[in-house]
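Examination of the molecular architecture
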Amino acid sequence: SVEEANESTRNGVRIGAFIGAFTVLVILWAGIHITSRVIATITAVNTSLRNMSEGEGILTNELKRPSNDEIGDLVESVNYLNYQLRILATTDLLTGMKNFAYFQEELDRRMHEYRRSNGESHLSIVLFDLDHFKQFNDTYGHIDGDALLVSFVKIVHENLRNNDLIARLGGDEFLLFLSASSNSSVSINV
């Protein structure tokens, strides 16, 4: 009976050791798996941020949400802030229209499209200003000058086609992209 008790104890110790070793291996595997996912996620976010800091599509890039945990929430917050910064960086605050920074990015995109089409598409850019705007500002003041610019932009937007784009270069100077369309024209009477 002592022998049986010793044998039973040895079997219990073996089973306990096996369960303990198995548990340690499962915990170790889970730790390595979770750690590798976190490292991969942080590396992906870091790479995207580095690319954006080097100017690669800073106004258009968005980080990919890697997961639905705290890191994913952080990435979502960064994307929202990036969206807000993109709006501030590309929008003229007075008129609400696109600014010269946006125009430069759009010019790159449209020139790429034009080159890719081998001359089958058209690209027209119009640079214009408002005649006698400085005299208007000097006579009526800057507040009325700003109101004039806002009214002018509203009229222009009402008369543009879907693919046309106007951007404010500064002051009373504007740039206009006219998209190729065989059956339509742009006519703005102010």
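Scroll up for the structure.
Residues numbered from 1 in each chain as written. Predicted model: local features only at pLDDT ≥ 70, side-chain atom pairs only at ≥ 80, totals over all residues. Heavy atoms only, no water.

What follows covers the nonpolar core. Core analysis: the largest hydrophobic core is formed by 11 residues, namely M97, L130, F133, L149, F152, V153, V156, L160, I166, F174 and L176. Elements represented by at least two residues in this core include exactly α5 (142–159) and β4 (173–179). Broken down by element, the residue count for this core peaks at four residues, all from α5. Excluding residues within four positions of it along the chain, M97 makes contact with T90, T91, D92, V153, H157, I166, A167, R168 and F174. (Core = buried A, V, L, I, M, F, W, Y, C linked by side-chain atoms within 4.5 Å. Buried < 20%, exposed > 50% of the residue type's maximum accessible area, 1.4 Å probe, protein only. Helix = DSSP H or I, 4+ residues; strand = E, 2+ residues; numbered from the N terminus. Contact = heavy atoms within 4.5 Å.)

Here we come to the environment of I125. For I125, the position within the fold is in strand β2 (residues 123–129). Taking the C-alpha atoms as reference points, I125 and L165, separated by 40 residues in sequence, lie 9.6 Å from one another. In contact with I125, other than residues within four places in its own chain, are F103, L107, L176 and F177.

Attention now moves to unusual backbone geometry. The phi dihedral of H132 falls on the positive side, at around 60 degrees, and the residue is not glycine. Looking at the element boundaries, H132 is found in the loop between β2 and α4 (133–140).

Summed over the entire model, instances satisfying the criterion amount to eight salt bridges. Linking E7 and R10 is a salt bridge whose minimum nitrogen-to-oxygen distance equals 3.6 Å. On the criterion of helical spacing, the pair formed by E7 and R10 is a turn pair, its members being three residues apart in helix α1 (residues 2–53). Note that E7 and R14 form a salt bridge whose closest N and O atoms lie 4.0 Å from each other. We classify R14 as partly exposed; its relative accessible area is 48%. Shared partners join several salt bridges into a network, and the residues in it are E106, R109, R110 and E113. (Salt bridge = Lys/Arg side-chain N within 4 Å of Asp/Glu carboxyl O.)

A few words on the layout of surface pockets. Computed from the structure, the largest pocket encloses a volume of approximately 170 Å³. Lining the largest pocket are R109, R110, E113, Y114, S121, H122, L123, N163, L178, S179 and A180. Where the lining of the largest pocket is concerned, the elements lending two or more residues are α3 (100–116) and β4. If one sorts the elements of the lining of the largest pocket by residue count, α3 sits on top with four residues. In terms of residue class, the lining of the largest pocket is built from four nonpolar, four polar and three charged. (1 Å grid on protein atoms, 1.4 Å probe; cavity = no way out; pocket = protein on both sides within 12 Å on 5 of 7 lines; lining within 4 Å. Points joined across faces, edges and corners; volume = space filled by probe spheres on them. Nonpolar A, V, L, I, M, F, W, Y, C, P; charged D, E, K, R; others polar.)

Now for the sheet that holds strand β3 (residues 165–170). The sheet built from four strands is open, its strands ordered β1-β3-β4-β2 with mixed pairing. The outermost strands of the open sheet, each flanked by one partner alone, are β1 (98–99) and β2. Here β1 pairs with β3 via two bridges, running parallel. Directly across from K98, in β3, lies its bridge partner A167. The strands touched by α3 within the sheet are β1, β2, β3 and β4, with β4 carrying the most contacts at an inclination of about 25 degrees. (Pairing = 2+ DSSP bridges. Axes fitted to C-alpha atoms, helices over the stretch in contact; angles between N-to-C directions.)

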